[in-house]
Amino acid sequence: MDKLTTLAKPVDMSTGFKDFFDTIGLTGGGLVTKGIAAVIAVIAVRMLLQLSSNPKSALQRGSMALGTLFVAVILALYGDTLFSTVTQAKG
């Protein structure tokens, strides 16, 4: 006889996306922030790959690409905390 193994407990997702975001630990705003950070990171990597052979312009563009990548990483790590003050403002 086959023995069934339960990999995860059943989760009631009858309320839709709210339950889904609760299970993965993100809010809708947090997911949007991670998506924006991912897009900025892709742009930064593309900027790094398109460096020219001129040393001066390559250094300028490379430092700008690294700065953009740094912003993307900070946004991915702390973006939900940064934007939570805007979305949960108390008036």
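Check the entry above for the structure.
Here's what I pulled together on the structure shown here. Predicted model, so just to flag it, every value in this text is computed and none were measured.

1. Details of the overall build of the protein chain
For step 1, the next point in the chain: Broken down by element type, the protein chain carries 3 helices and 0 strands.
For step 2, the next point in the chain: Counting helices and strands in the order they occur from the N terminus, the protein chain gives α-α-α.
For step 3, the next point in the chain: Burial status across the protein chain gives 14% buried among its 91 residues.
For step 4, the next point in the chain: For the protein chain, contacts bridging at least 24 residues in sequence account for 44% of all contacts bridging at least 6.
For step 5, the next point in the chain: With the model as given, the accessible surface of the protein chain reaches about 7600 Å², and the carbon-plus-sulfur share is 68%.

2. Overview of a nonpolar patch on the surface
For step 1, the next point in the chain: A surface patch of nonpolar side chains, amounting to about 400 Å² of accessible area, comprises Val-73, Leu-77, Tyr-78 and Leu-82.
For step 2, the next point in the chain: A relative accessible area of 42% means that Val-73 is categorised as partly exposed.

3. What about the environment of Phe-70?
For step 1, the next point in the chain: Turning to its location among the elements, Phe-70 is positioned in helix H3 (residues 55-87).
For step 2, the next point in the chain: In this structure Phe-70 comes out as exposed when scored by relative accessible area, which is 55%.
For step 3, the next point in the chain: Separated by 26 residues in the primary sequence, Phe-70 and Ala-44 have C-alpha atoms spaced 9.0 Å apart.

About the thresholds
Residues numbered from 1 in each chain as written. Predicted model: local features only at pLDDT ≥ 70, side-chain atom pairs only at ≥ 80, totals over all residues. Heavy atoms only, no water. Helix = DSSP H or I, 4+ residues; strand = E, 2+ residues; numbered from the N terminus. Buried < 20%, exposed > 50% of the residue type's maximum accessible area, 1.4 Å probe, protein only. Contact = heavy atoms within 4.5 Å. Areas by Shrake-Rupley, 256 points an atom, 1.4 Å probe, with all protein chains shown as cover. Patch = residues over 30% accessible without salt bridge, like charges linked within 9 Å, V, L, I, M, F, W, Y side chains within 5 Å. Salt bridge = Lys/Arg side-chain N within 4 Å of Asp/Glu carboxyl O.

Shape descriptors only; they carry no functional weight alone.
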